[in-house]
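# Structural features, examined
Letter by letter, the chains look like this.
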Amino acid sequence: MRQSVSIHHRTFPLNMASRLVSLLVLLCCSLLVSPQNVYSQLLDTAQLNALQTFTSLDDAAKNADKVQKLDLSGLQMEEFPTKIEKLVNLRVLLLDANRIKSIPATINKLTKLQVLSAKSNLLETFPREVTKLTSLQTLNLGQNQIPALPTDLGLLVELQTLNLQSNTLTSIPVEVGKLSKLTFLDVSNNQLSSLPTELGQATALEYVDASRNRISIIGAEIATWTKLKVLALEGNQLKALPAELGKLTALQRLELSTNQIEVLGAEIGALTQLQVLRLVGNTLTALPPEIGKLISLVQFDLNSNPLTALPKEIGNLVNLQILELGSCKLTELPATLGNLSRLEKLSLNGNQLSSMPPEVGKLVNLQRLTLNGNQIAALPPDIGNLTKLQSLNISNNRLTAIPPDIGKVVNLQMLNATRNQIVSLPPDMGKLANLQKFHIADNKLTALPGAMADLTDLQEINVARNRELTRLPDMLRLSRLKKLDILDTKVSKNDIGVLIKLLPNTEIKYSDQQ
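In every chain, residue numbers begin from 1 and rise along the written sequence. The predicted origin of the model limits local features to residues at a pLDDT of at least 70 and limits the giving and counting of side-chain atom pairs to 80 or more, whereas totals for whole chains, interfaces and linings rest on all residues. The basis for the side-chain values is all heavy atoms of the structure; hydrogens and waters are excluded.

## With respect to the overall build of the protein chain
When you go through the protein chain residue by residue, the secondary structure sums to five helices and 22 strands. The principal-axis extents of the C-alpha atoms in the protein chain amount to approximately 120 × 60 × 55 Å. Counting across all 514 residues of the protein chain, residues that qualify as buried make up 49%. Element-wise, carbon and sulfur atoms account for 50% of the exposed surface of the protein chain, whose accessible area totals about 24,000 Å². Counted as positive: Lys and Arg. Counted as negative: Asp and Glu, with His and the chain ends omitted from the count. Every charge is mapped onto a representative atom, which is NZ of Lys, CZ of Arg, CG of Asp or CD of Glu. Separation between the mean location of the 51 positive side-chain charges and that of the 45 negative ones in the protein chain comes to 5 Å. Runs of H or I in DSSP of at least four residues are treated as helices and runs of E of at least two as strands, each being numbered from the N terminus. Each residue gets one of three labels from its accessible area relative to the maximum for its type: buried under 20%, exposed over 50%, partly exposed in between, using a 1.4 Å probe on protein chains only. To measure how exposed things are, a 1.4 Å probe is used in the Shrake-Rupley method; for residues, cover is taken only from the protein chains shown.

Next comes the structure, spelled out in structure tokens:
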């Protein structure tokens with residue numbers, strides 16, 4: 001006897017019942033992917049970027065149900081266009097660089113909106129109705145005139161990116177801590193005196209920029225930001241950093257310049273993923289030995305701190321490429337500096353150095369070395385090992401000579417030795433085939449080496465105020481020379497006349513008394 005299934009008191013064969021079930025499944029699937037259901041689903045970043053972009057409001061209005069992305073940036077609009085309210089399926093709305101002063105409450109009709117950007121306008125208040133757009137993932141209202149934020153901000157439960165930089169905010173509501181999906185927060189260039197402790201509840205944060213405010217204290221709440229990769233707090237009034245800074249073990253960039261930080265604690269050593277650390281313009285007098293644990297560090301900027309010495313552990317930063325130590329109070333450098341074999345830029349200008357350690361010659365990848373404004377009396381011959389060096393500034397020191405080994409620095413393009421006491425130059429200068437700019441004004445030279453006549457890439461020569469200088473090399477081959485400064489030297493009028501004829505395209509500076 002054939003099996004059967006009873007539906008609505010009627011009897012069907014089993015295979016017919018199976019077909020009916022399949023049809024019901026297909027019907028359900030079609031309902032799930034209907035236009036209304038498709039529009040209700042959140043799109044990811046790639047999908048949002050792939051949406052067709054409408055740049056004309058009139059064109060968008062003709063296709064109101066289909067428009068999902070509208071870009072009206074840079075049109076100098078003074079009012080929010082009311083037609084936008086009819087675009088009920090809109091997901092991305094870009095209104096940047098206009099002159100809009102307010103966003104109407106009717107924006108809450110755009111319930112599917114995921115991205116709203118109205119940066120660089122004239123907004124005077126935060127559009128409170130925006131907090132009802134619960135699908136919003138990106139909100140950019142930077143570069144406006146917004147003085148305060150509503151407490152309803154915490155309702156934006158899907159928000160991932162919040163940019164409010166360059167407004168006039170004096171505080172951030174505690175409700176921002178409810179934004180559990182927030183990964184990016186920029187409140188730089190405001191008038192904030194603090195960040196709410198509740199911000200520590202936003203544990204998904206990966207990027208926080210609160211630069212150029214009036215913040216004097218950062219609290220222990222930052223310990224929960226274990227996913228944070230970038231923390232920017234430069235241009236505030238910080239005097240100390242919390243010990244909890246060491247909990248931010250995912251941190252890759254830490255910007256703390258232009259504060260009043262006096263001490264860097266041992267906890268800094270826990271930030272082993274840190275690649276960029278900038279502490280320009282603070283009041284640090286020393287660095288902790290734990291600084292040597294920052295093995296991922298690529299850029300370390302300590303310009304304008306009253307540092308008197310560097311710990312030997314700085315030599316452990318083997319991945320460092322940029323080290324900025326200008327305008328400090330360093331009197332010597334540790335030999336371990338030579339371990340930084342990947343270093344490409346080293347700035348030591350404006351210190352109190354009287355010598356350079358020979359280990360500087362181990363910095364074989366160095367391209368830029370800045371030593372001006374010290375008290376250096378001699379350069380070590382090891383400087384000849386810096387064969388990748390392109391720029392060397394040794395001006396404003398006490399040098400009486402340049403070592404012959406300079407001729408080995410074959411990639412040198414700029415050499416500035418102005419304001420020293422150099423009496424003569426080695427013939428090896430003629431080996432600097434790539435030299436383009438040579439400044440050696442305010443020294444005691446009487447002549448330039450004849451071998452420099454072979455430096456055909458030279459574009460600038462400045463030997464001004466070498467008051468005993470009488471002889472220049474043959475410049476017939478220096479066809480690329482653009483500037484020659486021989487002011488206040490003893491180069492004769494006859495020689496100057498020859499130079500003028502020889503170098504018709506060169507700007508030559510000299511005094512009538514010569």
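## Quick notes on unusual backbone geometry
Residues other than glycine seldom take positive phi values, yet Ser 166 does so here, at roughly 60°. Of note, Ser 166 is situated in the loop between β7 (161–163) and β8 (184–186). Of note, Ser 304 is a non-glycine position whose phi angle comes to about 60°, a positive value. Mapped onto the fold, Ser 304 is located in the loop between β13 (299–301) and β14 (322–324). For Ser 304, a relative accessible area of 36% puts it in the partly exposed group.

## A closer look at the environment of Leu 333
The topology assignment puts Leu 333 in the loop between β14 and β15 (345–347). Whether two residues are in contact is decided by their heavy atoms, any of which lying within 4.5 Å being enough. Sequence-distant contacts of Leu 333, that is, excluding residues within four places in its chain, are made with Leu 310, Leu 348, Leu 353, Met 356 and Pro 357.

## Brief notes about the environment of Leu 310
Within the secondary structure layout, Leu 310 lies in the loop between β13 and β14. Judged by relative accessible area, which is 10%, Leu 310 ranks as buried. Between the alpha carbons of Leu 310 and Arg 471 there is a distance of 44 Å; along the sequence they are 161 residues apart. Look past the residues within four positions of Leu 310 in its chain and what remains in contact with it is Leu 287, Leu 325, Leu 330, Leu 333 and Pro 334.

## Examining the pattern of salt bridges
Salt bridges are defined as contacts in which a side-chain nitrogen from Lys or Arg sits within 4 Å of a carboxyl oxygen from Asp or Glu. Under the defined criterion, the tally for this structure stands at 17 salt bridges. Residue Glu 255 is joined to Arg 253 by a salt bridge in which the shortest nitrogen-to-oxygen separation is 2.6 Å. By relative accessible area, which is 33% here, Arg 253 ends up partly exposed. The shortest N-O distance in the salt bridge between Lys 431 and Asp 428 comes to 3.4 Å. What you see here is one network of salt bridges that share partners, running through Arg 253, Glu 255, Arg 278 and Asp 301.

## What about the confidence of the model for the protein chain?
pLDDT is a per-residue confidence score from the predictor, ranging from 0 to 100. When the pLDDT values of the protein chain are averaged, the result is 92; 92% of them are 70 or greater. Low confidence marks residues 1–14, where pLDDT is under 50. Its contacts with residues over four positions away, or in another chain, come to 11 contacts. Predicted confidence is poor over residues 23–38, with pLDDT under 50, and the contacts of this stretch with residues over four places away or in other chains come to five contacts.

## Examining the side chain of Glu 175
When you line up the elements, Glu 175 lands in the loop between β7 and β8. In this structure, Glu 175 is buried with no salt-bridge partner, the nearest side chain bearing the opposite charge being Lys 178 at 5.3 Å.

## Considerations on a positive patch on the surface
Patch building starts from residues that exceed 30% relative accessible area and form no salt bridge, then joins like charges within 9 Å and nonpolar side chains (Val, Leu, Ile, Met, Phe, Trp, Tyr) within 5 Å. A surface patch of like charges, here positive, comprises Lys 437, Lys 482, Lys 483 and Lys 509. Lys 437 sits in the partly exposed class, given a relative accessible area of 33%.

## Let's talk about the environment of Val 187
The residue Val 187 is located in the loop between β8 and β9 (207–209) in this model. Counting along the chain gives 25 residues from Val 187 to Leu 162, while the straight-line C-alpha distance between them is 8.4 Å. Residues within four places of Val 187 in sequence aside, it is in contact with Leu 164, Gln 165, Ile 172, Leu 192, Leu 195, Asp 209, Ala 210 and Asn 213.

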